[in-house]
Amino acid sequence: MARIVFVVMVVLGVALAAADDTPAPEKEEVRLEDLELPLSSLTKWKTREYTYQLERRGELRTLGKVIMETKVDGEKVILHDSWTMKWRGKEMGLDLQMECKANNLLRPTAIKSVGKGDDEFGNFSVQVGESDAVVALEDGSQRRIDFPADTLTDIAQFRLFSLLPRKEGPTIKLGHVMEVSELNLKGPAVIEYVGQEQITINQEEVQLHKFVYKRRSRTVEEAWVDDEGALRRIRIDGRKILTEIPPKAE
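The model shown is predicted, which means the values in this text are computed figures rather than measured ones.

Conventions used here
- Residues numbered from 1 in each chain as written.
- Predicted model: local features only at pLDDT ≥ 70, side-chain atom pairs only at ≥ 80, totals over all residues.
- Heavy atoms only, no water.
- Helix = DSSP H or I, 4+ residues; strand = E, 2+ residues; numbered from the N terminus.
- Buried < 20%, exposed > 50% of the residue type's maximum accessible area, 1.4 Å probe, protein only.
- Contact = heavy atoms within 4.5 Å.
- Salt bridge = Lys/Arg side-chain N within 4 Å of Asp/Glu carboxyl O.
- Pairing = 2+ DSSP bridges.
- Axes fitted to C-alpha atoms, helices over the stretch in contact; angles between N-to-C directions.
- Phe/Tyr/Trp six-rings, centres within 6.5 Å; stacked < 30°, edge-to-face > 60°.
- Lys NZ or Arg CZ within 6 Å of the ring centre and 35° of its normal.
- pLDDT = per-residue confidence, 0-100.

**Student:** Run through the overall build of the protein chain, naming residues and quoting values.
**Tutor:** Of regular secondary structure, the protein chain possesses 2 helices and 18 strands. Within the span of the protein chain, comprising 250 residues, buried residues form 40% of the whole. In the protein chain, the proportion of contacts linking residues at least 24 apart, taken out of those at least 6 apart, comes to 46%.

Structural data, given as structure tokens:
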């Protein structure tokens, strides 16, 4: 009798498992352009500083500093990022300025890049149109590149994290992403809110909202923001880390 009962339980368990083996419902998706974002809160950004570190084999090495500045001027937003670092004894720097539309993509109309110390930090200016752009190089030459209407730049994405809803919701779809320093067009991609996480920043334990940016199911970037939307930390490619430097008391 005991054996019969055991067999019946096993069969019943398999049947129930089969009945529950239904695909999970797909998560709702929404285009970034269709979200209602509090763009007016960009006025709170002003100037923020971040320590730039590289994590290798569990150790953090400080390379330099990143300063991000955001100005809102009517229907125009000016983004200005300055990267200064030292790598293998070599001083390097990148100064990026973008004049953008005040929309969800913070789509640039003009870009200027001034780099030094590394071939990957270019010197160029860009005039952006509706679906492409014209790049002017130092030697006076020009070239045309694709710049689709649904493109979000990586520089604008840093600001975007502070505007996104800090709660569970649909996956946010990105048509394309442009890595501005190299004018490298990527995409499509998504951004997801994954909940709150406790991390250590400047020797202090803090509870922050976490977002992940994924391309082809691979996590490319993680971002942590506080309840006010301030961007406190970014991790790029799992090893490049930008951590907010506390502002000096006035």
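**Student:** Which residues make up unusual backbone geometry, and what values do they have?
**Tutor:** In this chain, Gly-187 is followed by Pro-188 through a cis amide linkage whose omega measures 0°. Notably, Leu-106 is not glycine yet its phi reads approximately 45°, a positive angle. Mapped onto the elements of the fold, Leu-106 is located in the loop between strand 5 (90–101) and strand 6 (108–116).

**Student:** Break down the pattern of salt bridges for me, citing the residues and quoting the values.
**Tutor:** Tallying each qualifying case throughout the model produces 14 salt bridges. Across the pair Lys-65 and Glu-49 runs a salt bridge, and its minimum N-O distance is 3.4 Å. Here Lys-65, found in strand 3 (residues 59–73), pairs with Glu-49, found in strand 2 (residues 46–56); they are 16 residues apart in sequence, far enough to count as distant. Taking relative accessible area as the criterion, Glu-49 reaches 30% and is therefore assigned partly exposed. Residue Lys-210 pairs with Glu-197 through a salt bridge whose shortest N-O separation is 3.7 Å. You can see Lys-210 sitting in strand 15 (residues 204–215) and its partner Glu-197 sitting in strand 14 (residues 189–201), a full 13 residues away along the chain. On the basis of relative accessible area, Lys-210 is assigned to the buried category, the value being 12%. Here Glu-197 falls in the partly exposed class, since its relative accessible area comes to 28%. In the salt-bridge network here, residues are joined through shared partners; they are Glu-197, Lys-210, Glu-222 and Arg-235.

**Student:** How would you summarise the sheet that holds strand 10 (residues 151–153) if you had to cite specific residues and measurements?
**Tutor:** One open sheet holds the 3 strands; their spatial order is 10-12-13, and the pairing between them is mixed. Because the sheet does not close on itself, it has two edges, and the strands there are strand 10 and strand 13 (184–186). Each strand of the sheet is rotated relative to its neighbour by a mean of 30°, with strand direction disregarded. Here 3 bridges tie strand 10 to strand 12 (residues 176–179), and the two strands are oriented parallel to one another. By the bridge assignment, Thr-153 is partnered in strand 12 with Met-178.

**Student:** How would you explain the packing of aromatic side chains if you had to name every residue and give the values?
**Tutor:** This model, assessed by the stated rule, comprises 3 aromatic pairs. Seen from their ring centres, Tyr-52 and Trp-83 are 5.4 Å apart, and the 85° between their planes marks the pair as edge-to-face. Residue Tyr-52 is located in strand 2, and its partner Trp-83 is located in strand 4 (residues 76–87); the two are separated by 31 residues in the primary sequence. Trp-83 carries the same exposure label as Tyr-52, and that label is buried. The rings of Phe-161, Tyr-193 and Phe-211 are connected pair by pair, giving a single aromatic cluster. Seen from the ring of Trp-45, Arg-159 lies directly overhead, with NZ or CZ sitting 5.1 Å from the centre.

**Student:** Explain the confidence of the model for the protein chain to me, and be specific about the residues and the numbers.
**Tutor:** This prediction gives the protein chain a mean pLDDT of 89; 89% of its residues lie at or above 70. Confidence drops under a pLDDT of 50 for residues 1–19, and excluding neighbours within four residues, the segment shows 0 contacts in the predicted structure.

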